Amino acid sequence: MNVLRLFVLSLAVVLAGCASQSKHVSKQPDAMVAADTSRTIDLTRPPQDIWDRIRRGYAIPNLRTDLVDQWTEYYARNAPSVITMSERASKYLYHILDEIEARGLPTELALLPFVESAYNPGAYSKAHASGLWQFIPSTGRQYKLEQTWWQDQRRDPIASTTAALDYLDYLYEFQGDWYLALASYNWGEGSVRRAIQRNEQQNLGTDYLSLRMPEETRNYVPKLQAIKNIIANPQRYGISLPKAQNAPYFANVRTQQNIDLHIAARLAEMSIEEFKALNPSHNREVIPAHYAELVLPVDKVKIFEQNLAVFTEPLSQWQTYEPQHGESFSTIAQQHGMTIAELRKLNGLSAKQTLASTQSLLVPITTPSTPTVDDPLGVQLATLSNQGVLAGSPSKPSVRPVSASSVAPKARGNVALHQVRKGDTLFGIARQYNISLDELKKLNNLKNNHIKPGHQLRVPGTQVRG
């Protein structure tokens, strides 16, 4: 009797679990359902890694078509690309899966950025779609992704994931079918709805496979199914997925001040490339305080906070300049020791633009508040590290060694001479030697930003450039 009761209770739990997922599971014709992703999973044990966790939540019926087979074979033949995409994905999957599971959505949706962007948060398409989830500007604004001079949240992995899942959830409710919802994500819900209406008028089928769609959309769901097949059973395709722990990779940290990207990276003891990969939404070299919510690897958060607590210099060498309407870029550049080309590159200005509008411009800080020659960024970090103040071991500096070009000469005692050539600017020379514009001017007792070819300037280092 006890055995029978146990069986009944077990059956009830299974049925309850099925019922809890029914909202987001499509009911497809039997011909569409395949067994490519069927696996025996021991649900009594926790997921081994993030890939195992994804497999456990598959809920979209499998699609079996020639296109699926073609794309599965394609990805299997290009295993290095799949591994590269998987390595990128491993940084974001834990967060994305948390969001998906909280909404009761199928976990296959975490694989959609493989198709959309190859899991590159900086991806940008010819249709002006951007980020992991490839939002076009209008849809991004519809789902509250801010797109300003300072940042583009379409490239923000956290904000764009929230928006993408909001959109996908809406599309499923609108279409009532995951294949049609996914096609709508690629083609637009209006386009898919019109394709359905055309088929209805011709007494044709209105399921996903019956619709006439553009080639990109026709391949869209088969690509996702192909990735799903490979993730379900990578060994079958000779692919070894990279390790991806079922644990958070990153966390958010706020600062109360403007902070330069390279200073934030160095305080976190990260390369600038790694830092930008987690913070790709920022358009400028400085993050203003009202946007300064940084994304850092979990193991770098404490290091960043400890280094920030003892760092006494300004966190930014940049300021915004509000030009007068019609003021020339040439005048603005000259005032700040730059060429027009440098000003344009820094601010993303078109070569056709010669006069300023109301757009804020980013320029170097040229006030006494910039880091002094006695203690620039590199020297201070290196000094604190050697004293054991930074977050690493006192006996071994926890920051990467500072190169000669990033250390000011007065602090190091090493001074080189830079001979000014035609086309050189103070701004460009300061950038070349990784010091601020004010440091370079103080080092050479300059009262303004004017320099002439043939002049020699004191710069950090031991080599003379002639």
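For the structure itself, look to the data block above.
Attention in this report is confined to the structure presented alongside it. Fair warning: this is a prediction, and the values are worked out from it, not measured in the lab. (Residues numbered from 1 in each chain as written. Predicted model: local features only at pLDDT ≥ 70, side-chain atom pairs only at ≥ 80, totals over all residues. Heavy atoms only, no water.)

### As for the packing of helix H3 (residues 66–77) against helix H4 (residues 79–89)
At step 1: Their axes nearest at 5 Å, the elements H3 and H4 cross at an angle of 85°. Classed by the angle they form, the pair H3 and H4 counts as roughly perpendicular. Where H3 abuts H4, its residues Tyr75, Ala76 and Arg77 lie against Ala79, Val82 and Met85.
At step 2: Of the residues belonging to the contact of H3 with H4, the class tally is five nonpolar, no polar and one charged. (Axes fitted to C-alpha atoms, helices over the stretch in contact; angles between N-to-C directions. Helix = DSSP H or I, 4+ residues; strand = E, 2+ residues; numbered from the N terminus. Parallel < 35°, antiparallel > 145°, perpendicular 65-115°, else oblique. Contact = heavy atoms within 4.5 Å. Nonpolar A, V, L, I, M, F, W, Y, C, P; charged D, E, K, R; others polar.)

### As for the nonpolar core
At step 1: Residues Trp133 and Tyr185 are the most contacted members of the largest nonpolar core, which totals 105 residues.
At step 2: Per-element accounting of this core gives the leading share, nine residues, to helix H8 (residues 157–175).
At step 3: Not counting residues within four places of it along the chain, the set of residues in contact with Trp133 comprises Ile96, Leu109, Leu112, Pro113, Glu116, Ser160, Thr161, Ala164, Leu165, Leu168 and Tyr185.
At step 4: Judged by nonpolar contacts, the second largest core, of 12 residues, contains Ile429, Ala430, Tyr433 and Leu440. (Core = buried A, V, L, I, M, F, W, Y, C linked by side-chain atoms within 4.5 Å. Buried < 20%, exposed > 50% of the residue type's maximum accessible area, 1.4 Å probe, protein only.)

### What about the packing of helix H9 (residues 178–187) against helix H10 (residues 189–201)?
At step 1: Across the interface, H9 lies against H10 with an axial gap of 7 Å and an inter-helix angle of 125°. When the axes of H9 and H10 are compared, the pair comes out oblique. In this structure, H9 uses Leu180, Ala183, Ser184 and Trp187 to contact H10, whose residues at the interface are Glu189, Ser191, Val192, Ala195, Ile196 and Arg198.
At step 2: For the contact of H9 with H10, the per-class residue count stands at six nonpolar, two polar and two charged.

### Here we look at unusual backbone geometry
The phi angle of most residues is negative, glycine excepted, and most peptide bonds adopt the trans form.
At step 1: With a phi close to 55°, Tyr119 is a non-glycine residue in the positive phi region.
At step 2: Within the secondary structure, Tyr119 sits in the loop between helix H6 (112–117) and helix H7 (137–142).
At step 3: For Tyr119, a relative accessible area of 0% gives the class buried.
At step 4: Its identity is not glycine, yet His128 carries a phi of approximately 70°, on the positive side.
At step 5: Summarising the element assignment, His128 is placed in the loop between H6 and H7.

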